[in-house]
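Overview (structure and organization)
Take a look at the letters that make up each chain.
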Amino acid sequence: MINLSIDHKKVSVLEGATILEAANACGVKIPYLCNFSLLKPYGACRVCLVQVSGNPKLLAACTTPVAEGMQVTTASDEIHKARKFVVELLLSDHDCRCITCEKDGNCKLQRLAYEYGIDERRFEGETRNYQPDGNNPFLEYDHRKCILCGRCARVCDEVQAVGAVDFAGRGFCAKISTAFDKPLNCIFCGSCFHACPTGAINSKLARFKGRTADLAQAKSVCPFCGCGCNLTLHTKNQQLVKVTPQKGTIVNNGSLCVKGSFGYDFVNHKGRLTSPLIWEDGGFRGASWEEALSLVARKLGQLKQRYGADSIGGLSSAKCTDEDNYIFQKFMRACIGTNNVDHCARLCHASTVAGLATTFGSGAMTNSIAEVGGADVIFAIGSNTTDSHPIIGLQVLKAVRERGARLIVADPRKIRLTRYADVWLRQKPGTDVALLNGLMYVILHEGLEDKKFIAERTEGYEEYKKVVSDYPPDKVAAITGISEADIVKAARIYAEGKRASILYSMGITQHVAGTDNVKSVANLAMLTGNIGRESTGVNPLRGQNNVQGACDLGALPNVYPGYQKVVDAAARDKFEQAWGVKLPGEAGLTVVEMIKAAARGQIKGLYIMGENPMVSDPDLNKVKQALMGLDFLVVQDIFLTETAQLADVVLPAASFAERDGTYTNTERRVQRLYKAIDPPGAARLDWDIVCEVSRRLGYEMSYDSAAKIMDEIAGLTPIYGGMSYERLKGEGLQWPCPDKDHPGTKFLHKDKFSRGLGLFSPIKFKAPPEWPDAEYPFILTTGRLLFHFHTGSMTRRAKALDEHVPEGMVELNPQDAKRLGIADGEQVKVSSRRGEISIKAYVTDRVGPGVVFIPFHFAEAAANTLTIAELDPVAKIPELKVCAVAIQRGQ
């Protein structure tokens, strides 16, 4: 610690701290413009000048390190005069038309001009006259308001690792620019906009809709991927005007991706459902809540009475809150009387829950997001992290760029992370088990395993070891297409790391071998002892904002909240006592099984809350046939989605901005979101709608707030046992949190696994159910884009996102394109044994020869028209990552 005084206040700070940081620590205010909490000290603006005893010059507080016994003065006539002079120089070349500036009232330069009493320009002369640049749907850059503080360029480089803009020109001609003044083409994360201290960078979506001082604010959590970024919602006149990141938070610390920054305006979309709809005489008509709810209750009641409770299925939602999901599964079990309840985790991470629960005893991310940045080896397999989980991607880039971490990337596509990888393992899609066994073969062959960890904390090792011994590098190279040298190199890098972290996502889970893939990843971590410690672990990155919470709260056919099994008599008795009814004792049907049962006539009615299987599920032609053949379909959503268009009744729900509640992110962190605006029209909260239906069916569920639902959750769910809305203020809590005094759990399996000993699993490679052949010669793999989310129901209605990426495309390797005579941008037909779509070709080396990629967000060119509905035998997850397709020119 270094001891010094600032304005006669004594303060102790860590060695290496700056004067500005020390001043902040003791509550002394020093003005600045170029300094930014996410960036390294820069010293460009010189507004933070201070006096240091014994030094004849004024020094920049933001770049001057503290020293023992230093005496600092932050306010004097000399300092005031110098700071004022700096501000006057900045104003001499600044567009001072504040009347129409978005930052008026929130501009740091304006605030300093007021503080130093500058009411007119002292230095007149020529000013820069660059025209505003807004050649993109997200941002407008006005050089006339730029003070060249460099915040935007530095945050783009230091934090986002993009470097899309930088200083250009010299002297009076200096400006912030793209290379050669080309149109801005970047990841559009909005970091430059959030960092700008003046009105030089503005969001086009928020322009002239209200300045910060005129807007109400509410804290919330991002409704897109599983990162769970903390947001501030800015609203006016019941409209969501803009979104900014919360600074200093654990999860995202002031950063957002393009969807978080610019994907929010779906909330205000004119297509929002505002009243219940009933299908009648070939079309939808508006209805009152009383009529709609009564019809839903009557139809479900009739089906239950005629065909039994198991003739009804329910799909809950990873986009809804913890409270919504708890109420929905309670409704299906206690009111309807069936365990036929599931949600889209079945389509993304069901294999994670099954695989990690078997091997470790808990099916969740073992470590925390921030810990990724502290790893010295990161193995990303089946995860396009920077696109699908951008904030976690920042942690990967931080570890590599700032700390020199080694990076292994296993992905069939050339994703952004491959630029930074020490080894890129470009495996043939569907060969992950062989690859992982090959890595473990090398580790065992070279004696790099953690023998002590294996002996003390695991079981099943010898049987597992026998299976792995059958996967030498030459055999694995033949299966995967990866060179033997790269397999050996990757194995050594991972095994030699002191803190090695595995990140994976749907690239390895959405397979018929998904559970096997997950167990293999767990084997690798246990083999090297990289579990139960900070910055290590097996870290599944959950796909949606609350897919973790929906699983936690029992929106699964085989478990109650907290993963308490429905076949366990003691668990069933506990919930029967709490809910006051007899509960079914057998596991229900999964998502895909319900659709198949509907096609057979076994499922007669479906209640779908916030899910869109007409885009998300495999083999969509059969999905549509099944849904159209139902006796009754009710869909509860915020838009008339592709699935809702097939419904008998549509119930309008509230969006994330219109409710109180909680989401549980991918690191098991339960966080609160707060209501910012009212739902449009007659739209209502999801849990409230379900309670109303339940009451009409004779099972009373009544809650006056989401907080009361959380209290019930805590009483029945041990991993949430210590949680309440009061305790969840601020940063939230990570489960397990068993009691009110527990601080939450940063990482799992510290001293022992949840199941006791970690279980090694002997896993053999099995080929996917469908390989290419002469008729269908390409492997199709599917996934996400940075600029869209899931089935597109929200992002396709976000103006800037949809304008920037308005349609889907099929990625095609240049060699294949040349052979087929297909030009970049040409419309092509992609077909499989299940259907065909028309889509534009994107000729790129992102995919290798013989492999094509299609994003699944676009209903008009739905990738899942082509995919196969074969299921993982354990997790019942469909094979969404490998199927055989053909490509032809023309439509």
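For the structure, check the block above.
Now for a quick tour of the structure. Because the structure is a prediction, the values reported are computed rather than measured.

**Here's the deal with the side chain of Ser520**
- Relative to the elements of secondary structure, Ser520 occurs in helix α19 (residues 514–527).
- We classify Ser520 as buried; its relative accessible area is 0%.
- Separated by 2.9 Å, the side chain of Ser520 and the backbone oxygen of Asp516 make a polar contact.
- Filtering out sequence-adjacent residues up to four positions away, Ser520 remains in contact with Val433, Leu436, Met440 and Ile763.

**Brief notes about the sheet that holds strand β5 (residues 71–73)**
- Within the open sheet, the 5 strands sit side by side as β2-β1-β5-β3-β4. Their pairing is mixed. Strand pairing shows two members of the sheet lacking a second neighbour, β2 (9–13) and β4 (59–60), which therefore form its edges.
- Bridge analysis of strand β3 (residues 49–52) against β5 gives 2 bridges, and the strand direction is antiparallel. Following the sheet pairing, Val52 is matched in β5 by Val72.
- Sitting on the sheet, helix α2 (residues 77–92) is in contact with β3 and β5, with an inclination near 155° to β3.

**With respect to the packing of aromatic side chains**
- Considering all chains together, one arrives at 22 aromatic pairs under this definition.
- With centroids separated by 6.3 Å and ring planes inclined at 70°, the aromatic side chains of Tyr326 and Trp579 adopt a geometry described as edge-to-face. Note that Tyr326 is positioned in helix α8 (residues 322–336) and Trp579 in helix α21 (residues 569–579), a separation of 253 residues in sequence.
- By relative accessible area, Tyr326 is classed as buried at 0%.

**Details of the pairing of β2**
- As judged from the 5 bridges shared by strand β1 (residues 2–6) and β2, these two strands associate in the antiparallel manner. Paired with Leu4 across the strands is Val11, a residue of β2.
- Once β1 ends, the chain turns through 2 residues before running back antiparallel as β2, passing Asp7 with a positive phi of about 50°.

**A closer look at the environment of Asp166**
- As for its position among the elements, Asp166 is in strand β7 (residues 166–168).
- Note on Asp166: relative accessible area 46%, which makes it partly exposed.
- Note: C-alpha distance between Asp166 and Lys40 (126 residues apart in sequence) is 16 Å.
- In contact with Asp166, not counting residues within four places along its chain, are Ala153, Lys175, Ile176 and Ser177.

**What to know about the environment of Asp660**
- Mapping Asp660 onto the fold places it in the loop between β27 (649–652) and β28 (661–664).
- In sequence terms Asp660 and Val581 are 79 residues apart; their C-alpha atoms lie 29 Å from each other.
- Contacts of Asp660, omitting those with residues within four sequence positions, involve Leu673, Tyr674, Lys675, Ala706 and Tyr725.
- Here the side chain of Asp660 touches Lys675 through a polar contact of 2.8 Å, landing on its backbone nitrogen.

**Let's talk about the sheet that holds strand β26 (residues 632–637)**
- The 7 strands lie next to each other as β14-β13-β27-β26-β25-β15-β16, forming an open sheet whose pairing is mixed. The open sheet is flanked by β14 (283–286) and β16 (341–342), the only strands paired with a single partner.
- The sheet contact formed by strand β15 (residues 312–315) and strand β25 (residues 605–609) spans 4 bridges and is parallel. When the sheet's bridge partners are listed, Gly314 is paired in β25 with Tyr607.
- Those strands touched by helix α22 (residues 591–600) are β15, β16 and β25, and its axis lies near 145° from that of β15.

**Points about helix α16 (residues 473–480)**
- Along α16, the positions that sit buried rather than exposed are Pro473, Val476, Ala477 and Thr480. When α16 is viewed along its axis, its buried side chains cluster within an angular range of 105° and face the same direction.
- Turning to α16, the residues buried within the fold contact α13 (432–445) and α17 (484–496).
- With its phi angle positive at about 85°, Gly481 sits one or two positions after the end of α16.

**Quick look at empty space enclosed by the protein**
- Taken as a whole and judged by the stated rule, the model has 9 cavities of 30 Å³ or more.
- Taken as a whole, the largest cavity holds about 470 Å³ of empty space.
- Lining the largest cavity are 32 residues, with Met506, Gly507, Thr782, Gly783 and Lys881 positioned closest to its centre.
- Broken down by element, the lining of the largest cavity gets its largest block of residues, 3 residues, from strand β32 (residues 778–783).
- Broken down by class, the residue content of the lining of the largest cavity amounts to 9 nonpolar, 17 polar and 6 charged.
- Forming the boundary of the second largest cavity are 21 residues, of which Lys319, Cys320, Ile638, Ala654 and Met794 lie nearest the centre.
- Across the lining of the second largest cavity, the residue classes break down as 10 nonpolar, 7 polar and 4 charged.

**Comments concerning the nonpolar core**
- In this structure, Phe138, Leu139, Ile201 and Phe656 are the most contacted members of the largest nonpolar core, which totals 86 residues.
- It is helix α12 (residues 390–403) that provides the largest number of residues to this core, a total of 7 residues.
- With sequence-adjacent residues up to four places away left out, Phe138 is seen in contact with Phe188, Asn202, Ser203, Lys204, Val258, Phe262, Phe787, Ala800, Leu801 and His804.
- In this structure, Leu295, Met609, Ile689 and Cys737 belong to the second largest nonpolar core, which totals 57 residues.

**Describing unusual backbone geometry**
- Cis rather than trans, the peptide bond between Trp735 and Pro736 has omega equal to 0°.
- By secondary structure assignment, the location of Pro736 is in the loop between β30 (733–734) and β31 (758–759).
- Phi at Asn253 is positive, roughly 40°, even though this residue is not glycine.
- Topologically, Asn253 is positioned in the loop between β12 (239–245) and α6 (258–262).
- Of note in the backbone geometry, His790 takes a positive phi value of approximately 45° without being a glycine.

**Here we look at the pairing of β28**
- Residues Gly661 and Tyr663 line one face of β28 and the alternating positions Thr662 and Thr664 line the opposite face, and both faces are buried.
- Where β28 lies against strand β29 (residues 669–673), 4 bridges are found, and the strand directions are antiparallel. Looking at β29, one finds that Gly661 is bridged to Leu673.
- Once β28 ends, the chain turns through 4 residues before running back antiparallel as β29, passing Arg668 with a positive phi of about 70°.

**Some remarks on the packing of α8 against helix α25 (residues 686–696)**
- Remark: α8 packs on α25, axes separated minimally by 8 Å, with the N-to-C direction vectors making an angle of 15°. Relative to α25, α8 is oriented roughly parallel. The hand of the α8/α25 crossing is left-handed. Across the interface between the two elements, Glu323, Asp324, Ile327, Phe328, Phe331 and Cys335 from α8 touch Asp686, Trp687, Val690, Cys691, Val693 and Ser694 from α25.
- A per-class count over the contact of α8 with α25 returns 8 nonpolar, 1 polar and 3 charged.

What counts, and at which threshold
- Numbering of residues starts from 1 in each chain and follows the order in which that chain's sequence is written.
- Given that the model is predicted, a residue must reach a pLDDT of at least 70 before its local features are reported, and side-chain atom pairs must reach 80 or more before they are shown or counted; all residues, however, enter totals for whole chains, interfaces and linings.
- Each side-chain value is derived from all of the structure's non-hydrogen atoms; neither hydrogens nor water enter the calculation.
- The helix count covers DSSP runs of H or I at least four residues long, the strand count covers runs of E at least two residues long, and both are numbered beginning at the N terminus.
- Throughout this description, buried means an accessible area under 20% of the type-specific maximum (1.4 Å probe, protein chains only), exposed means over 50%, and partly exposed covers the range between.
- Two N or O atoms count as a polar contact when they lie within 3.5 Å, although within protein this holds only if one can serve as hydrogen donor and the other as acceptor, and sequence-adjacent residues are included solely when both atoms are side-chain atoms.
- The contact criterion used throughout is that any non-hydrogen atoms of two residues lie within 4.5 Å.
- Paired strands are those between which DSSP finds at least two bridges.
- Axis lines are fitted to C-alpha atoms, over the contacting stretch for helices. Their N-to-C directions set the angle, which ranges from 0 to 180 degrees.
- A pair of aromatic rings is counted whenever rings of Phe, Tyr or Trp (Trp by its six-membered ring) have centres within 6.5 Å, and the orientation is called stacked for planes under 30 degrees apart, edge-to-face for over 60 and tilted otherwise.
- This arc corresponds to the set of directions leading from the helix axis out to the C-beta atoms.
- A cavity here means a set of points on a 1 Å grid, drawn over the protein atoms and nothing else, where a 1.4 Å probe fits but cannot get out; a pocket is an open set with protein on both sides within 12 Å along at least five of seven lines, and a residue lines either one if it has an atom within 4 Å of a point.
- Grid points are joined across faces, edges and corners, and a volume is the space filled by probe spheres set on the points.
- Three classes are used: nonpolar for Ala, Val, Leu, Ile, Met, Phe, Trp, Tyr, Cys and Pro, charged for Asp, Glu, Lys and Arg, and polar for all others, with Gly counted as polar.
- Only buried residues count toward a nonpolar core. Its members are Ala, Val, Leu, Ile, Met, Phe, Trp, Tyr and Cys residues joined through side-chain atoms within 4.5 Å.
- Under this scheme an angle from 65 to 115 degrees is roughly perpendicular, one under 35 degrees roughly parallel, and one over 145 degrees roughly antiparallel; angles in between are oblique.
- Left-handed describes a crossing whose near helix is turned anticlockwise from the far helix by less than a right angle; the clockwise case is right-handed.

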